[in-house]
Amino acid sequence: MMDRRFFITLTGLSLVSAALPSGGNVSGQIKKEGKSMSYEAKDYSKLIGMEGFSETLLKNHFTLYQGYVTNTNKVLDTLAQMLKDGKTGAYEYAELKRRLGWEFNGMRLHEFYFDNLGGKGGLNPNGKLAKKLAEDFGGYEAWEKDFKATGAMRGIGWVGLYQDPANGKLINFWINEHDVSHPAGGNPLLIMDVFEHAFMIDYGLKRADYIGAFFKNINWGAVEARLK
Ligand SMILES: [Fe+2]
């Protein structure tokens, strides 16, 4: 196994050094530059002021997210160059390919997370999502209990309420780090970050208190709009 620090040195990647200043371009996720397309960080500064989330925590979190966007672009660009240069057989190529899912999902999961925050008020009890949660979990309360229990698990990662497109069923998944145990083809409805950086500045080890604050700020309209 390659030591992560060695790998980062080898590839020239560093989350911290790659992080951009806060306040990224807001013109969209993908920017066309000549023939190549690169991802751009979205601006989530409107979330500053949410109850239960300090400005310091949110600004740090935005910076981390911007680092994932930068690194996704770097990995993609480096792989494209190696392909052009005929270096696809190189050990570095294989390791960067392994890295891509981690960086890409680190970027995309943060976008789902920030996009499903900033709401006020609970889930519409008469809406289609409440109806689906009742069908698949027996009711909102049972779903919330399962989602929160998943978020309280030891380890770093994410909790995702996913819809299985094969039959429409809703299932809560634990996602390890960014890239392990996503349901293939699953449609993410609600995503919650439970990496320590998402809460330790404000809550220390009290993860349950952070999860409570997260629930107070869910943008249920955005979540329901993802339901198919
Ligand atoms: Fe995060």
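Predicted model, so just to flag it, every value in this text is computed and none were measured. (Residues numbered from 1 in each chain as written. Predicted model: local features only at pLDDT ≥ 70, side-chain atom pairs only at ≥ 80, totals over all residues. Heavy atoms only, no water.)

K.L.:
Can you break down the overall build of the protein residue by residue, with the values?
P.N.:
Of the regular secondary structure elements, the protein holds 9 helices and 5 strands. When the helices and strands of the protein are placed in sequence order, the string is α-α-β-β-α-α-α-α-β-β-β-α-α-α. Within the span of the protein, comprising 228 residues, buried residues form 43% of the whole. By sequence separation, contacts in the protein at least 24 residues apart represent 68% of the contacts at least 6 residues apart. (Helix = DSSP H or I, 4+ residues; strand = E, 2+ residues; numbered from the N terminus. Buried < 20%, exposed > 50% of the residue type's maximum accessible area, 1.4 Å probe, protein only. Contact = heavy atoms within 4.5 Å.)

K.L.:
Kindly report on the coordination of the iron ion, identifying the contributing residues and their values.
P.N.:
The iron ion binds to the protein through His61 (NE2), His110 (NE2), Asp193 (OD) and His197 (NE2), with metal-donor distances spanning 1.9 to 2.1 Å. Each of the 4 donor atoms bound to the iron ion contributes to angles spanning 88 to 134°, and the resulting shape is tetrahedral. Positions of the donor residues of the iron ion along the chain correspond to the pattern H-x48-H-x82-D-x3-H. (Donors = N, O, S within 2.8 Å, 3.2 Å for Na, K, Ca; no water. Tetrahedral: all angles 85-135°; square planar, octahedral: opposite > 155°, others 65-115°.)

K.L.:
Explain helix α8 (residues 207–216) to me, and be specific about the residues and the numbers.
P.N.:
Here α8 has its buried residues at Arg207, Tyr210, Ile211, Ala213, Phe214 and Phe215. On its buried side, α8 packs onto α4 (91–115), α6 (140–151), β4 (170–176), β5 (187–193) and α7 (200–203).

K.L.:
Summarise the sheet that holds β4; cite the residues concerned and give the values.
P.N.:
With antiparallel pairing, 3 strands are arranged side by side in an open sheet as β4-β3-β5. Each of the sheet's edge strands pairs with one partner strand only, and the pair in question is β4 and β5. On average, adjacent strands in this sheet sit at an angle of 25° to one another, irrespective of strand direction. Note: strand β3 (residues 157–163) against β4, 7 bridges, orientation antiparallel. Along β4, the bridge assignment pairs leucine 161 with asparagine 172. Packing of α4 onto the sheet brings it into contact with β3, β4 and β5, and relative to β5 it is tilted by some 85°. (Pairing = 2+ DSSP bridges. Axes fitted to C-alpha atoms, helices over the stretch in contact; angles between N-to-C directions.)

K.L.:
Outline the packing of aromatic side chains, listing residues and values.
P.N.:
What the rule picks out here adds up to 20 aromatic pairs. Ring centres of tyrosine 140 and tryptophan 220 lie 6.1 Å apart, and the angle between their planes is 70°; on these two criteria the pair is classed as edge-to-face. With a gap of 80 residues between them, tyrosine 140 in helix α6 and tryptophan 220 in helix α9 (residues 220–226) connect regions that are remote in the sequence. The exposure class of tyrosine 140 is partly exposed, given its relative accessible area of 24%. Owing to a relative accessible area of 6%, tryptophan 220 belongs among the buried residues under this scheme. Taking 5.8 Å as the distance between ring centres and 85° as the angle between the ring planes, the aromatic pair formed by tyrosine 162 and phenylalanine 173 counts as edge-to-face. Placement of the pair is tyrosine 162 in strand β3 and phenylalanine 173 in strand β4, with a sequence separation of 11 residues. Accessibility expressed as a relative area gives 6% for tyrosine 162, which makes it buried. (Phe/Tyr/Trp six-rings, centres within 6.5 Å; stacked < 30°, edge-to-face > 60°.)

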